[in-house]
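# Overview (structure and organization)
Read off the chains here:
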Amino acid sequence: MRYVYLFTAFVCVLTVSILGFRGRTFTHPPMDVFPEWLFPGMKYQPHHVQQTESAFFADGRSDRVAPEGTVASSFGPAGQPLRNDDFLYRGKAADGTFARGFPPVLKVDRRMLERGRDRFTIYCSPCHGSVGDGNGITKKYGMGAVPTYHDDRLRKMAEGEIFNTITYGKGNMLPYADKIAPDDRWAVVAYVRALQRAQTGSVSDVPADHKAEIGLQ
Ligand code: HEC
């Protein structure tokens with residue numbers, strides 16, 4: 001029984017100490033755990049809070065206006081200072097539709113495909129499978145309805161639209177813009193194309209000097 005009284009008293013003290021002083025105005029500054037005289041530091045230096053008034057500058061603003069002629073910059077692939085290349089950064093053609101092919105500033109070569117395979121293996125194959133048939137490991141754990149790349153709709157889809165799907169995601173597929181840089185997204189698109197091509201190969205694609213290996217003349 002003693003404990004019940006003690007516990008009740010404890011709860012009362014706790015409730016009053018936490019809630020009892022809400023909304024009250026104090027006239028003294030609050031106690032400082034790390035006082036300035038003991039720990040001089042940046043906390044007490046004069047500083048500007050952005051987008052507020054300041055008596056320091058003549059115009060009364062804490063922010064400075066950018067010098068005239070300042071150009072926004074963010075260096076992307078191909079050393080582009082502005083991300084204003086719609087094809088490269090958004091997969092769009094001049095008329096606003098999804099672009100076909102690859103941005104001219106990128107070179108589609110073996111190095112790009114290998115980079116694409118690398119990124120694809122990390123980010124896409126868990127769901128889409130390493131050959132792009134939609135049978136990735138996540139299927140076992142309930143990730144249903146991952147489409148295969150090997151149907152006509154996706155074979156005919158513009159490269160820019162695949163780029164856009166990687167950037168923004170679709171349905172249960174997350175966006176990958178924060179994980180895969182634009183030039184790498186194009187590398188992944190190229191690799192998706194390579195996977196699609198690989199599934200539609202025929203005997204005539206086998207180079208002459210390899211025909212004998214698979215029993216062809
Ligand atoms: C978490 C699982 C998952 C991952 C990882 C994933 N996808 Fe998907 N993807 C899906 C699902 C699910 C759909 C079907 C979305 C829908 O149609 O609602 C899809 C659809 C697509 C489509 C077809 C879009 C369309 O318009 O029908 C493409 C192309 C695609 N993914 C490419 C990729 C690429 C490239 C990557 C890697 C960067 C990737 N996906 C990573 C689950 C995933």
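As a starting point, this report considers the structure included with it.

## Focus on the side chain of D184
Secondary-structure assignment places D184 in helix α7 (residues 182–199). At 2.6 Å, the side chain of D184 forms a polar contact with the side chain of R115. If we ignore the near neighbours within four places in the chain, the residues touching D184 are R115 and R119.

## Quick notes on the site of the ligand
Among the 21 residues in the neighbourhood of the ligand, the closest are listed as C124, C127, H128, R153 and M173. One nitrogen or oxygen atom from the side chain of H128 is found 2.7 Å from a nitrogen atom belonging to the ligand. Here an oxygen atom of the ligand and a side-chain polar atom of R153 are 2.5 Å apart. Secondary-structure elements contributing two or more residues to the shell around the ligand are α4 (125–128), α5 (152–156) and α6 (159–168). With three residues, α6 is the largest single contributor of residues to the shell around the ligand. Classifying every residue of the shell around the ligand by side-chain character gives 15 nonpolar, four polar and two charged.

## Structural notes on the coordination of the iron atom of the ligand
Tetrahedral metal sites with four donors have an ideal angle of 109.5 degrees; octahedral sites with six donors have ideal angles of 90 or 180 degrees. For the iron atom of the ligand, the full set of protein donor atoms is H128 (NE2) and M173 (SD), at a range of 2.0 to 2.2 Å. For the iron atom of the ligand, the six donor atoms in the first shell make angles of 84 to 177° at the metal, a pattern classed as octahedral. Taken together, the residues span a long stretch of sequence, with H128 in helix α4 and M173 in the loop between α6 and α7 at a distance of 45 residues. Judged by its relative accessible area of 11%, H128 is buried. For M173, a relative accessible area of 26% puts it in the partly exposed group.

## Examining α7
The terminal C-alpha atoms of α7, which comprises 18 residues, lie 26 Å apart, in line with the 26 Å expected from a rise of 1.5 Å per residue. Counting buried positions along α7 gives 13 out of 18 residues, so the element sits mostly inside the fold.

## Some points on the side chain of S125
As for its position among the elements, S125 is in helix α4. Polar side-chain contacts of S125 include one of 2.7 Å to the backbone oxygen of T121. Once you skip the residues sitting within four places of it in the chain, S125 turns out to touch F120, S130, G136 and I137.

## What about the packing of aromatic side chains?
Scanning all chains against the criterion turns up seven aromatic pairs. Pairing F87 with W186 gives two aromatic rings, centres 5.7 Å apart and planes at 75°, and the pair type is edge-to-face. Placement of the pair is F87 in helix α2 (residues 86–90) and W186 in helix α7, with a sequence separation of 99 residues. Here F87 falls in the buried class, since its relative accessible area comes to 17%. Three or more aromatic residues link up through ring pairs in this structure, and these residues are F87, F102, F163 and W186. For the cation-ring pair, R2 lies above Y3, with the distance from its terminal atom to the ring centre recorded as 5.6 Å. Above the face of the F57 ring, R64 is positioned so that its terminal group lies 3.6 Å from the ring centre.

## Focus on a nonpolar patch on the surface
A contiguous nonpolar patch, built from F7, F10, V11, L14, I18 and L19 and spanning about 610 Å² of accessible area, is present on the exposed surface. In this structure, L14 sits in helix α1 (residues 2–19).

The rules we used
Residues numbered from 1 in each chain as written. Predicted model: local features only at pLDDT ≥ 70, side-chain atom pairs only at ≥ 80, totals over all residues. Heavy atoms only, no water. Helix = DSSP H or I, 4+ residues; strand = E, 2+ residues; numbered from the N terminus. Polar contact = N/O pair within 3.5 Å; in protein donor to acceptor, adjacent residues only side chain to side chain. Contact = heavy atoms within 4.5 Å. Near = heavy atom within 4 Å. Nonpolar A, V, L, I, M, F, W, Y, C, P; charged D, E, K, R; others polar. Donors = N, O, S within 2.8 Å, 3.2 Å for Na, K, Ca; no water. Tetrahedral: all angles 85-135°; square planar, octahedral: opposite > 155°, others 65-115°. Buried < 20%, exposed > 50% of the residue type's maximum accessible area, 1.4 Å probe, protein only. Expected span 1.5 Å × (residues − 1). Phe/Tyr/Trp six-rings, centres within 6.5 Å; stacked < 30°, edge-to-face > 60°. Lys NZ or Arg CZ within 6 Å of the ring centre and 35° of its normal. Patch = residues over 30% accessible without salt bridge, like charges linked within 9 Å, V, L, I, M, F, W, Y side chains within 5 Å. Areas by Shrake-Rupley, 256 points an atom, 1.4 Å probe, with all protein chains shown as cover. Salt bridge = Lys/Arg side-chain N within 4 Å of Asp/Glu carboxyl O.

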